[in-house]
Structure formats: structure tokens, C-alpha cells
Amino acid sequence: QVQLVESGGGLVQPGGSLRLSCAASGFTFSRAAMSWYRQAPGKERELVAGISNYGESTNYAASLKGRFTISRDNAQNTVYLQMNSLKPEDTAVYYCSAKYVARSGLYYDYWGQGTQVTVSS
């Protein structure tokens, strides 16, 4: 079955860095555009960054560009989110998402269970 398993979250001090990973299984990874979303307490889920099937294009939330970097390794079926210069307002649950295009042309959206990132001194 389809699985997206995030890892790498935790507690970090302001100004620190974390690298999140999302390991995918159960579908052809290169047929999926991948994204990271986050949801802070009391707020709506928001897009953090996205990357195309082979990594040729990326997009970021305007407020995060320059601090966060999304990348993927199709050989390892993994997408990453490098987060630098973290701020307390980056505290949230971070979710990995896949938009998979089947050979039929149908789209499927898959989600991971999320990983908590807490930025605090």
C-alpha cells in the first residue's frame, strides 16, 4: 500500500537547522510531484515547498524562500526539506504530500502522518 513516512523533526533552537525526510513506497515515485506542507496550532495547513517529478522545478512559499530547500532522490524514493535559520514561527507539524499521476491519467493525492518541528529556546 502507499506510504509516506516523514522523519527528522524535533526540537531546535532559533537559528538552527533541521533536515526532514519523507520516504515513499507503494507507488512509482517519479510519477509524483512532491510537496511539503505545514500546520501550526490553530492555523490552516499551508504549502511550504513543492518539487516536480524529476526535480527540474521547485516552488516555495514566498515567506520561506531562501531559508528552506526542497530536493528529491528518485533512486531512494525520498524527498527532503532542508530548513535553515529556523524561527519560532516555523513551529508546526510538517507533512509530506504526493500528487501521483497514474498511467490512466487519474490523479491521486497521498499524505504522510506528519512530523513535529518545534523551534524554541
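Provided above is the structure to which this section pertains.
Computed from a prediction, not measured in an experiment: that's the story for all the values here.

Criteria and cut-off values
- Residues numbered from 1 in each chain as written.
- Predicted model: local features only at pLDDT ≥ 70, side-chain atom pairs only at ≥ 80, totals over all residues.
- Heavy atoms only, no water.
- Disulfide = S-S within 2.5 Å.
- Helix = DSSP H or I, 4+ residues; strand = E, 2+ residues; numbered from the N terminus.
- Buried < 20%, exposed > 50% of the residue type's maximum accessible area, 1.4 Å probe, protein only.
- Contact = heavy atoms within 4.5 Å.
- Core = buried A, V, L, I, M, F, W, Y, C linked by side-chain atoms within 4.5 Å.
- Pairing = 2+ DSSP bridges.
- Salt bridge = Lys/Arg side-chain N within 4 Å of Asp/Glu carboxyl O.

Colleague: What's the story with the state of the cysteines in this structure? I'm lost.
Modeller: One way to say it: the disulfide is the covalent bond shared by the sulfur atoms of two cysteines. Inspection of the entire model under this criterion finds one disulfide. Here Cys22 is linked by a disulfide to Cys96, with a sulfur-sulfur distance of 2.1 Å. Residues Cys22 and Cys96 are joined through a disulfide that is left-handed, its torsion about the S-S bond being -75°. On the criterion of sequence distance, the pair formed by Cys22 in strand E3 (residues 18-25) and Cys96 in strand E9 (residues 92-101) is long-range, its members being 74 residues apart. With relative accessibility at 0%, the residue Cys22 sits in the buried group.

Colleague: Looking at this structure, how should I read the environment of Leu47?
Modeller: Mapped onto the elements of the fold, Leu47 is located in strand E5 (residues 46-51). Looking at Leu47, the relative accessible area reads 31%, which means it is partly exposed. Between the alpha carbons of Leu47 and Gly105 there is a distance of 24 Å; along the sequence they are 58 residues apart. Setting aside anything within four residues of it in sequence, one finds Leu47 in contact with Ser35, Trp36, Tyr37, Asn59 and Ala61.

Colleague: It is not clear to me how the nonpolar core should be interpreted in this structure. Could you clarify?
Modeller: Burial of nonpolar side chains together is a common tendency in soluble globular proteins. Within the largest apolar cluster, 32 residues are counted, with the highest numbers of intra-cluster contacts made by Trp36, Leu81 and Tyr94. Of all the secondary structure elements, the ones that give two or more residues to this core are E3, strand E4 (32-39), E5, strand E7 (68-73), strand E8 (78-83), E9 and strand E11 (115-119). No other element matches E9, which puts five residues into this core.

Colleague: Honestly, the pairing of E4 in this entry has me stumped. Any pointers?
Modeller: The side chains of a regular strand alternate, residue by residue, between the two faces of the sheet. Two elements, E4 and E9, share eight bridges in a ladder whose sense is antiparallel. Following the sheet pairing, Trp36 is matched in E9 by Cys96. Note: E4 against E5, five bridges, orientation antiparallel. Bridge assignment links Trp36 to a residue of E5, and that residue is Ala49. Joining the antiparallel neighbours E4 and E5 is a turn of six residues, in which Gly42 adopts a positive phi near 80°.

Colleague: Teacher, can you tell me more about the pattern of salt bridges here?
Modeller: Pairs may arise between side chains of opposite charge once their charged atoms sit close together. Counted under the stated rule, the structure contains four salt bridges. Notably, a salt bridge pairs Asp90 with Arg38, separated by 2.9 Å at the nearest N-O pair. Placement of the pair is Asp90 in the loop between E8 and E9 and Arg38 in strand E4, with a sequence separation of 52 residues. The exposure class assigned to Asp90 is buried, which follows from its relative accessible area of 1%. Overall, the relative accessible area of 7% leaves Arg38 in the buried class. Notably, a salt bridge pairs Arg67 with Asp90, separated by 2.8 Å at the nearest N-O pair. Placement of Arg67 in the loop between strand E6 (58-60) and E7 and of Asp90 in the loop between E8 and E9 is noted, with a sequence separation of 23 residues between them. Each member of the salt-bridge network shares a partner with another, and the members are Arg38, Glu46, Arg67 and Asp90.

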